[in-house]
Amino acid sequence: MLKRTHYCGLLRPQHEGEEVVVAGWVNTYRDQGRGLVFCDLRDREGLAQVVFDLEDVPGDVVTAARALRREDVIAVRGKVRKRAGDANPRLATGSIEVLASAIEVLNKAEVPPILPDEHEADRIAEETRLRYRYIDLRRPRMQQIMRLRSRVTKFARDYFAHNGFLEIETPLLIKSTPEGARDFVVPSRLYPGSWYALPQSPQLFKQILMIAGFDRYLQICRCLRDEDPRADRQAEFSQIDLEMSFVERQDVIDMISGFVAGLWKEIFGLEIGAIPVMTYHEAMERFGIDRPDTRFGLEIADVSDVAQRMDFRVFQDALAKPKGVVKAIRVPGGAETLTRKMTDGWGEWVRTFKAGGLPVVKLTAKGWETGIAKFLSGDAGEALKQRLGLEVGDAVLFAADTYAIATKTMGEVRLRMGRELGLVPEGQWKFLWVIDFPMFEHDDERNRWVALHHPFTSPNPDQFDILESDPGACVSAGYDLVLNGSEIAGGSIRIHSPAVQQRVFNLIGLSDAEAEVKFGFLLRALRHGAPPHGGIAFGLDRLVMHLAGTENIRDVIAFPKTQSGADLMIEAPGPVDLEQLDELHVRNVEEAPA
RNA sequence: GGGGCGGUAGCUCAAUUGGUUAGAGUACUGGCUUGUCACGCCAGUGGUUGCGGGUUCGAUUCCCGUCCGCCUCGCCA
């Protein structure tokens, strides 16, 4: 076999005159007849033009050259020379070419169903790309993203190793625990009727590694959650997971801020500056979401007291509800930019958040117009102008419902409006730490408290007293790192006291006995000397999405799954032999007749 | 589990109100072509219209069911 001496994509004018061997895939071929054949040969570094002068090479080389087809794998020996024809300014190798003297066809390729051409990729159905992922991944763009991902994990390993973190692996076959996402589950052959669960995260293992005295832990790990995917979510995803002992919230925030700053410096050569901090409460009040996109305004205001004075049935009904509120967004210039079609469309759409609608009003030179204008004629209208700082030409959108629904609605409307009005600036990196999350959320339907983060999150140091007396007000030592409105990392200081852990379990409805059954190993470990500790985990896929500038998580995963959890390339999931099931003490349940 | 969009040649798409032999570009095959580079020119091959039913003289088109893909609500401690 001809042994490669150079990557195609790295050939440069300085190699002129050298005899080289290049190897790769036939990107395109241009047969010019009996005299010349051109071939753009591709490897991971890029393209180089190979030229066959058919009058100057042996007959078998002529035959092979003229038979070249797309995606054939070949090796070519030849001399690098300045191009005889025009240079191609679109190629890094465009001023030179390899004049072939020998060719070895390493593997003919069947006619490719898709081509790794960048200008084709956007048009090809993603389904087809996933089915032939090995071809799709040959595209320069995909190669570039996978390299980027590799640089990110390399940087993470270097940064955290430099800061004393040890890379330690944790098991994949663990046990199912209550709370959290649906588990993927694996039947046990040796314990009939018993099941492993695949980890949703290494959470408890990394805490136990702290108890075991490793002080600082890092793992780039796979997490598995059997929930429906989204554009930015897969059932199987990766985390940069870490944990530190003898630390408080600020220590973790500092460590991670340093990591992100270093990463952005490494990838973009950019200084991201100090990362601002915002409380959960402030985020919800101003942006209607726990991960605000602070790249644009359109902030939310509470206008419940103004609404109280309006003779508008929808507002009155909302305020009569428990925790009823009226929220508003001032849209500067909205009288012009918001069309009836837009606001009507949004009004329909907000029903998906259980909101009744999206009242709107515009302030023009003639006064209040459209929508709920007639309810604003009196001093309520003046109060609204005051409250929102309205100017002529503005519009106002309202959401009236319970706090949860109105806030969510305004938050979603704000984001959609930002996008559709083109208010979200490109090329900005707005990082934000969100802290002081509530410990618990109340599940009204089942009348119980649920951990907002996870039940191993510690209350903030000053909050232990109100843990039982006012769980809804109790604030946790959790923290999320938000970038341009997306959560890229989340973590907390953990509970290290077995007594506190027991109290939290009790609060979320786990009796001492149940807690012992489900989390006995954790409680025992905590009782055997647990240092104060805390940590965080990055969503690696999402981080790479930001760095790569894509909205599609499948773009940053080499072998992703579809929205129904299938791998179209290997055709998983699939059936197994009955014998396999027998060994596992598992039987298929036939569909019940309808 | 719910809502929306889509599925026609290998790929990307078209096909009028239900009506002739389902077309185009590209790819592919053959021929021509000595400086191309998304090479060009000529000719040709290529179809279970996702699948299964139904209505009809006739279905890519209408109806029912179903599968698959994408977006989304729920869900994602």
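Residues numbered from 1 in each chain as written. Chains lettered and ligands numbered in written order. Predicted model: local features only at pLDDT ≥ 70, side-chain atom pairs only at ≥ 80, totals over all residues. Heavy atoms only, no water.

What follows covers the overall build of chain A. Within chain A, the regular secondary structure consists of 18 helices and 22 strands. The principal-axis extents of the C-alpha atoms in chain A amount to approximately 90 × 75 × 60 Å. Counting the 594 residues in chain A, one finds 49% classified as buried. Pairs at least 24 apart in sequence give 68% of the contacts found in chain A among residues at least 6 apart. Taken as a whole, chain A presents about 29900 Å² of accessible surface, with 51% of it coming from carbon and sulfur. Within chain A, the 88 negative side-chain charges are centred at a point lying 3 Å from the centre of the 74 positive side-chain charges. (Helix = DSSP H or I, 4+ residues; strand = E, 2+ residues; numbered from the N terminus. Buried < 20%, exposed > 50% of the residue type's maximum accessible area, 1.4 Å probe, protein only. Contact = heavy atoms within 4.5 Å. Areas by Shrake-Rupley, 256 points an atom, 1.4 Å probe, with all protein chains shown as cover. Lys, Arg positive; Asp, Glu negative; His and termini not counted. Charge placed at Lys NZ, Arg CZ, Asp CG, Glu CD.)

In contact at an axis separation of 10 Å, helix H6 (residues 203-211) and helix H16 (residues 512-527) are set at 20° when each is read in the N-to-C sense. Relative to H16, the element H6 is oriented roughly parallel. In the packing of H6 onto H16, the handedness of the crossing is left-handed. Along the contact surface, H6 presents Leu204, Gln207, Ile208 and Ile211, while H16 presents Phe519, Phe521, Leu522, Ala525 and Leu526. (Axes fitted to C-alpha atoms, helices over the stretch in contact; angles between N-to-C directions. Parallel < 35°, antiparallel > 145°, perpendicular 65-115°, else oblique. Left-handed = near helix turned anticlockwise from the far one by under 90°.)

What follows deals with the packing of aromatic side chains. Under the criterion given, the structure shown has 22 aromatic pairs. Between Phe155 and Tyr159, the ring centres sit 6.1 Å apart and the planes meet at 25°, which makes this aromatic pair stacked. Remark: Tyr159 and Phe155 occur in helix H5 (residues 140-162); sequence separation between them is 4 residues, near one turn of the helix. Side by side, Phe155 and Tyr159 carry an identical accessibility label, which is buried. One Lys or Arg, Arg416, reaches over the ring of Trp349 and ends 4.7 Å from the middle of that ring. (Phe/Tyr/Trp six-rings, centres within 6.5 Å; stacked < 30°, edge-to-face > 60°. Lys NZ or Arg CZ within 6 Å of the ring centre and 35° of its normal.)

For the rest of this paragraph, the subject is the pattern of salt bridges. When charged atoms on two side chains of opposite charge get close, those side chains can pair. Taken as a whole and judged by the stated rule, the model has 49 salt bridges. The residue Asp31 makes a salt bridge to Arg66 at a minimum N-O spacing of 3.0 Å. In this pair, Asp31 is assigned in strand E1 (residues 19-31) and Arg66 in helix H1 (residues 59-66), connecting sequence segments 35 residues apart. Assessed through its relative accessible area of 31%, Arg66 is described here as partly exposed. Across the salt bridge formed by Asp541 and Arg149, the nearest N and O atoms sit 2.9 Å from each other. With Asp541 in helix H17 (residues 540-548) and Arg149 in helix H5, this residue pair connects regions lying 392 residues apart in the sequence. This pair shows no difference in class: Asp541 is buried, exactly as Arg149 is. One salt-bridge network, held together by shared partners, links Glu118, Arg129, Arg133, Asp136, Arg139 and Asp555. (Salt bridge = Lys/Arg side-chain N within 4 Å of Asp/Glu carboxyl O.)

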